[in-house]
Amino acid sequence: MFSISELANRAKKSASVIANLSAEQKNEALCSMAEELRNSADEIILENQKDLESAKSSGLSDAMIDRLKLDHLRIEDIATAIEQIASQADPVGKINKQYQLENQLTVQKVSIPLGVIAMIYESRPNVTADAAALCFKAGNAIILKGGKEALHSNIAIGKCLHKGLEEEELGRGAIGSV
């Protein structure tokens with residue numbers, strides 16, 4: 001466990017590395033994350049069962065419990081979503097607007113990474129992977145805080161995302177969880 005301050009420092013250090021990755025490097029890391037999710041589906045489902053049991057005992061509605069539930073099909077959908085993000089054009093360096101001034105100076109509006117993004121979200125385990133993948137693709141580090149109802153699921157998914165980063169020799173600091 002890390003303090004929020006340590007997570008923020010790790011994310012800040014990782015942000016400059018991620019911002020300078022090529023599109024190919026980011027896509028390879030995203031595909032590694034998706035593969036790790038598939039490879040760890042059984043473990044994720046076991047951790048998800050803990051969240052489901054806790055949700056049922058605390059009286060969460062059937063709709064909320066359904067949002068929490070992970071099975072092999074839903075994990076495959078999460079992995080596929082990450083691969084779809086990898087297949088999109090790299091937003092970093094995209095010229096959004098360009099014009100030339102009277103003195104022949106060219107001015108461009110170019111997409112760049114923000115740096116570190118912090119996100120608080122409800123108890124939907126898929127958001128952990130979706131948010132991390134979108135931020136990573138855009139060259140940003142992210143610190144995630146999911147709902148307590150999905151704690152075990154989010155930790156299991158986070159481990160897979162970290163393994164995917166490590167497969168590509170990138171540090172874990174790019175994706176942090178509170």
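Owing to the predicted nature of the structure, the values given are computational and were not obtained by experimental measurement.

Trainee: Outline the overall build of the protein, listing residues and values.
Mentor: Along the protein, the regular secondary structure elements total seven helices and five strands. In the protein, the order of α-helices and β-strands from amino to carboxyl end is α-α-α-α-α-β-β-β-α-β-α-β. A principal-axis box enclosing the C-alpha atoms of the protein has dimensions of 70 × 30 × 30 Å. Expressed as a percentage of contacts within the protein between residues at least 6 apart in sequence, the contacts between residues at least 24 apart total 74%. Accessible surface computed for the protein: about 10000 Å², of which carbon and sulfur atoms make up 53%. Counting 20 positive and 25 negative side-chain charges, the protein places the averaged centre of each group 7 Å from the other.

Trainee: With reference to specific residues and values, describe the side chain of T128.
Mentor: Residue position: T128 is located in helix α6 (residues 125-137). Sequence-distant contacts of T128, that is, excluding residues within four places in its chain, are made with Y121, L144, N154, I157 and L161.

Trainee: For unusual backbone geometry, give the residues involved together with the corresponding values.
Mentor: Excluding glycine, a negative phi dihedral is what most residues carry, and trans is how most peptide bonds are arranged. One non-glycine residue with positive phi stands out, namely Q104, at about 75 degrees. For Q104, the position within the fold is in the loop between β1 (95-100) and β2 (106-110). Q104 gets classed as exposed once you look at its relative accessible area, which sits at 55%.

Trainee: Please give an account of the confidence of the model for the protein that cites residues and values.
Mentor: Within the protein, residue pLDDT values average 95, and 99% of them lie at 70 or more. Highest mean pLDDT in the protein belongs to helix α5 (residues 72-87) (98); lowest belongs to strand β5 (residues 175-177) (92).

Trainee: Kindly report on the pattern of salt bridges, identifying the contributing residues and their values.
Mentor: The full count for this structure, using the stated rule, is nine salt bridges. Linking R38 and E35 is a salt bridge whose minimum nitrogen-to-oxygen distance equals 4.0 Å. Highlighted residues: R38 and E35, both in helix α2 (residues 23-39), separated by three residues, approximately one helical turn. The exposure class of R38 is partly exposed, given its relative accessible area of 24%. For E36, the salt bridge goes to K163, with nearest N and O atoms at 3.7 Å. Of this pair, E36 sits in helix α2 while K163 is found in helix α7 (residues 151-167), placing the two residues 127 residues apart along the sequence.

Procedures and definitions
- All residue numbers here refer to positions counted from 1 along the written sequence of the relevant chain.
- Residue-level local features of this predicted model are given only where pLDDT is at least 70; pairs of side-chain atoms are given and counted only at 80 or more, and the full residue set underlies all totals for whole chains, interfaces and linings.
- Heavy atoms throughout the structure, all of them, feed into the side-chain values; hydrogens and water do not.
- Here a strand is any run of E in DSSP of at least two residues, a helix any run of H or I of at least four, and the numbering for each starts at the N terminus.
- Pairs of residues are marked as contacts when any of their non-hydrogen atoms sit within 4.5 Å.
- Here the Shrake-Rupley method, with its probe set to 1.4 Å, supplies the accessible areas, and only the displayed protein chains count as covering residues.
- When charges are counted, Lys and Arg contribute as positive and Asp and Glu as negative, whereas His and the chain ends are disregarded.
- A charge is said to be at NZ when it belongs to Lys, at CZ for Arg, at CG for Asp and at CD for Glu.
- Only protein chains enter the calculation, and the probe is 1.4 Å; a residue is then buried if its accessible area is under 20% of its type maximum, exposed if over 50%, and partly exposed in between.
- The predictor rates its confidence in each residue with pLDDT, a number between 0 and 100.
- A side-chain nitrogen of Lys or Arg and a carboxyl oxygen of Asp or Glu constitute a salt bridge if their distance falls within 4 Å.

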